[in-house]
Amino acid sequence: MSEMPDRPSPRPAEQAAALRTQLHHHAHRYYVLDAPEIPDAEYDRLFRELQALEAAHPALLTPDSPTQRVLGRVLDGFAPVRHAVPMLSIRTETDTTAAGAEAFDARVRRELALAEDAPAIDYAAELKFDGLAMNLRYEHGVLVQAATRGDGETGEDVTQNIRTIGQIPLRLQGCDAAVLEVRGEVYMRRDDFEALNERQRALIAAGAKNEKTFVNPRNAAAGAVRQLDPAIAARRPLSFYAYGLGEVRGWAVPATHAGLLDALAGLGLPVCEHRAVVAGAGGLADFHARIAALRDALPFDIDGVVYKVNDRALQERLGFVTREPRWAVAHKYPAQEQMTRLLDIDIQVGRTGKLTPVAKLEPVFVGGTTVSNATLHNEDEARRKDVRVGDTVIVRRAGDVIPEVVGVVPERRPADAGEPFDLYKRLGGQCPVCASPIEREEGEADWRCTGGLTCPAQRKQALLHFAGRRAMDIEGLGDKLVDQLVDAGIVRAVPDLYKLGFTALATLERMGEKSAQNLLAAIEKSKRTTLGRFLYSLGIRQVGEATAKDLARHFGNIDRLMDARVEELLEVNDVGPIVAQSIRHFFDQPHHREVVEQLRAAGVAWPDEAGLASDAPRPLLGKVLVLTGTLPTLGREEAKALVEAAGGKVTGSVSKKTNWVVAGEEAGSKLDKARELGIEVLDEAGLRALLQPAAPDATPDATPEV
Ligand code: IVH
């Protein structure tokens, strides 16, 4: 982002004063209101600008400068807690390349006055969780108090709220120390955050006042921790990882940081598994790179990694500078939030006709990739954030969640910014793709196109969903191809996919002979599926993958499901009135039944329908199996479906609870583990034998060929 255009270059004194005012404002938004207006990276930039100015002109330094104190303050409503041992902060290495790790190692070696050829130092490397620091005070093993960091000296007593975090033990296992203060990070997982915001958006759409969405998991976590009503706090799912100590009396602190983390885990505290002891700068840089590759796949946000000198004796020798230990550093990753300009707002039509406003952005590098589109979720969200074309907005991209606009930077709004967003007006009341009228039902957050499957956009999305990896899994049927097939009128509905011929495909642009053949093979292969996948692929509103599986297991047979009354649907695991109603509504429409019939007629089938029925024999009820290696004829998913249909459960790792391990070619460590634990190992034939209902008079040898 460029500098603010309207800032000439004022004299240093004015510039420092302006920066201070801005920083005070943003610190208040961040720490007190849990509602920042600018990304952290921007705050840090302003902060460093002020620091540099003050360093160059020491006379400008004022005692109230944000650079002169640790921010954060005690909110009214929580009792202050004076920390027995101050809660320090940690120096940050902002150079996100390997040089950051080298700089830290070099500094530590210098401060310890080590010779060039002295051996490498051992470091404990862990993640830098993006949440808020918490001090948990245990007396004689019992949690007596939880306090936020506050200004480092005094925090807030949030014990009531912290007690609602299931992961935090109220009593430690096997610890009677007079005092053991455990420090760590309270954070919110990304999926919990998405679900929370989804709920908040629904509440707002239904007219709830005083509700808001949160800009990121950290702010949501901070908001939940400082929620004055513990009942509300309890509904905001939080998590915790321990990473250090405060006051300790009557407990032998391990000699290394890694030993401490193991000991904390042994007391029943959650400690993150992604930790390692590494040697020297090279080891640190490797860890930094390894975690960078893992970052998107982690279920929570991190903003870097933390390196700590492993040996406590060395830590003590290194000591502290002001409020930061010399033995620890945070090594950052590229920010997951950035500012950029909003160029336009497009409206996309989803599978169920949902109209989603999408921000077109000046491309910006965020969370490791360049982003030029980001979702605005729905009209209410766009209005609540008061997003206008021309604005500078904050974009967040974390994990594999689609990038979103989390807010506007109000002071950067240009004079010629666009109008407040109005979806209906913007579209003139019509679907941008098929021109059908759009509607928004009372209490619903979304506008929808009423065109149903006559709308090409909905058809395309429905096809993509149908072909998706977790649905019918038709490899090679991506959005470009679907666009072509629908636009050329070759495919109108899902069953048309099974009528595709080589000639029709080969006429398409960029479709070579080989790709056409591959696609036809993939379509053919998709005909062998499971009932759960098939149900999921139909795209029934409210029916996700898990529900589809539950339905398949419960009914076992699609005809019974299609005819099931709402009361019968309600008997299925996790199916509530809204889901039941939606399923009923779906199959009440004759064209949906027609689609199912056409697909069956085209040869789409799943194994052993009757065997899946709830009243069918379930020989594996209550049994746990682990599959490993490649079986001669059964695919992994197929084998899993058969086991589940027989009432059994397939898990990913071998434990004492495992009843059988089914091993094929190239079975690995799971097979070793099974042998170690003395668990019976079967091959495919053995598995098939287990799946047979116990029928005393069955004479398998005499079974005629079918
Ligand atoms: S150690 C003396 N370890 O980062 C060292 N901090 O400024 C004290 N943080 O607010 C901190 N992950 O909340 C440490 N693995 C980790 C951490 C971590 C996140 C946070 C902490 C603190 C800030 C440090």
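As the structure is a prediction and not an experimental result, all values here were calculated from the model.

Caption draft 1: Representation of the overall build of the protein chain within the structure. Of the regular secondary structure elements, the protein chain holds 26 helices and 24 strands. A globule of 706 residues ought to have a C-alpha radius of gyration of about 27 Å, and the protein chain, at 30 Å, matches this closely. Across its three principal axes, the protein chain shows a C-alpha extent of roughly 90 × 70 × 50 Å. Per-residue burial over the protein chain gives 49% buried out of 706 residues. For the protein chain, the proportion of contacts with a sequence separation of at least 24, taken over those separated by at least 6, is 68%. For the protein chain, the exposed surface amounts to about 34000 Å²; the carbon and sulfur share of it is 51%. On the protein chain, the mean spot of the 87 positive side-chain charges and the mean spot of the 102 negative ones are 2 Å from each other.

Caption draft 2: Broad picture of the site of the ligand. The local shell around the ligand consists of Ser 89, Ile 90, Glu 126, Leu 127, Lys 128, Phe 129, Ala 133, Glu 185, Tyr 243, Val 306, Lys 308 and Pro 325. Residue Tyr 243 places a side-chain N or O atom 3.0 Å away from an oxygen atom belonging to the ligand. Protein chains bury 87% of the 520 Å² of accessible surface belonging to the ligand in isolation. Among the elements of the structure, strand E3 (122-129) and strand E10 (302-309) are those that each provide at least two residues to the shell around the ligand. Here the shell around the ligand gets 4 residues from one element, more than from any other, and that element is E3. Tallied by class, residues from the shell around the ligand come to 7 nonpolar, 1 polar and 4 charged.

Caption draft 3: Inspection of the nonpolar core at higher detail. Ile 474 and Leu 551 are the most contacted members of the largest nonpolar core, which totals 52 residues. A total of 5 residues in this core trace back to one element, the largest contributor, which is helix H21 (residues 577-588). Ignoring any residue separated from it by four or fewer positions in sequence, one finds Ile 474 in contact with Phe 466, Ala 467, Gly 468, Leu 497, Tyr 498, Leu 519, Ala 522, Ile 523 and Ser 526. Formed by 36 residues, the second largest nonpolar core is a distinct cluster that contains Ala 146, Val 158, Ile 162 and Leu 180.

Caption draft 4: The arrangement of helix H3 (residues 99-111) in detail. For H3, built from 13 residues, the straight-helix expectation of 18 Å at 1.5 Å per residue is met to within 8% by its first-to-last C-alpha distance of 18 Å. The elements touched by buried residues of H3 are strand E2 (91-93), E3, helix H9 (280-294), E10, helix H10 (312-318) and strand E13 (328-332). Among the residues trailing H3, Ala 113 stands out with phi positive, at a value near 55°.

Caption draft 5: View of the pattern of salt bridges. By the definition in use, this model includes 57 salt bridges. Among the ionic pairs, Glu 153 bridges to Arg 323, the shortest N-O distance being 3.7 Å. Within this pair, whereas Glu 153 is found in the loop between strand E5 (142-148) and strand E6 (154-156), its partner Arg 323 is found in the loop between strand E11 (320-321) and strand E12 (324-325), the two being separated by 170 residues in sequence. Across the pair Glu 247 and Arg 249 runs a salt bridge whose closest N-O atoms are separated by 3.1 Å. Judged by relative accessible area, Glu 247 falls into the buried class, the value being 17%. The class for Arg 249 is partly exposed, based on a relative accessible area of 45%. The network of salt bridges with common partners includes Arg 137, Glu 139, Glu 181, Arg 183, Glu 247 and Arg 249.

Caption draft 6: Broad picture of the packing of aromatic side chains. This structure, assessed with the given rule, holds 13 aromatic pairs. An angle of 85° between the planes, with centres 5.1 Å apart, marks the rings of Phe 586 and Phe 587 as edge-to-face. Grouping residues by exposure puts Phe 586 and Phe 587 together as buried. These aromatic residues form a ring-pair network of at least three members: Phe 129, Tyr 187, Tyr 241 and Phe 300.

Caption draft 7: Structural context of the sheet that holds strand E24 (residues 680-682). With parallel pairing, the 4 strands of this open sheet are ordered in space as E22-E21-E23-E24. At either margin of the open sheet sits one strand with a lone partner, and together these are strand E22 (649-651) and E24. For this sheet, the mean inter-axis angle between neighbouring strands, taken without regard to orientation, is 35°. Bridge count between strand E23 (residues 660-663) and E24: 3 bridges; the pairing is parallel. In the strand pairing of E24, Trp 660 is matched with Glu 680. Of the strands in this sheet, strand E21 (624-628) and E22 touch helix H24 (residues 636-645), which is tilted by about 170° from E21.

Caption draft 8: Summary view of the packing of helix H13 (residues 456-467) against helix H14 (residues 479-487). Taken N-terminus to C-terminus, the directions of H13 and H14 make an angle of 135°; their axes are 10 Å apart at the nearest point. Of the possible angle classes, the one that applies to H13 and H14 is oblique. Regarding H13 and H14, the two cross each other, and that crossing is right-handed. Packed against H13, whose contacting residues are Pro 456, Arg 459, Lys 460, Leu 463 and Leu 464, the element H14 presents Asp 479, Val 482, Asp 483, Val 486 and Asp 487 at the interface. Classifying every residue of the contact of H13 with H14 gives 5 nonpolar, no polar and 5 charged.

Calculation notes
Residues numbered from 1 in each chain as written. Predicted model: local features only at pLDDT ≥ 70, side-chain atom pairs only at ≥ 80, totals over all residues. Heavy atoms only, no water. Helix = DSSP H or I, 4+ residues; strand = E, 2+ residues; numbered from the N terminus. Rg over C-alpha atoms; globule rule 2.2 N^0.38 Å. Buried < 20%, exposed > 50% of the residue type's maximum accessible area, 1.4 Å probe, protein only. Contact = heavy atoms within 4.5 Å. Areas by Shrake-Rupley, 256 points an atom, 1.4 Å probe, with all protein chains shown as cover. Lys, Arg positive; Asp, Glu negative; His and termini not counted. Charge placed at Lys NZ, Arg CZ, Asp CG, Glu CD. Near = heavy atom within 4 Å. Polar contact = N/O pair within 3.5 Å; in protein donor to acceptor, adjacent residues only side chain to side chain. Nonpolar A, V, L, I, M, F, W, Y, C, P; charged D, E, K, R; others polar. Core = buried A, V, L, I, M, F, W, Y, C linked by side-chain atoms within 4.5 Å. Expected span 1.5 Å × (residues − 1). Salt bridge = Lys/Arg side-chain N within 4 Å of Asp/Glu carboxyl O. Phe/Tyr/Trp six-rings, centres within 6.5 Å; stacked < 30°, edge-to-face > 60°. Pairing = 2+ DSSP bridges. Axes fitted to C-alpha atoms, helices over the stretch in contact; angles between N-to-C directions. Parallel < 35°, antiparallel > 145°, perpendicular 65-115°, else oblique. Left-handed = near helix turned anticlockwise from the far one by under 90°.

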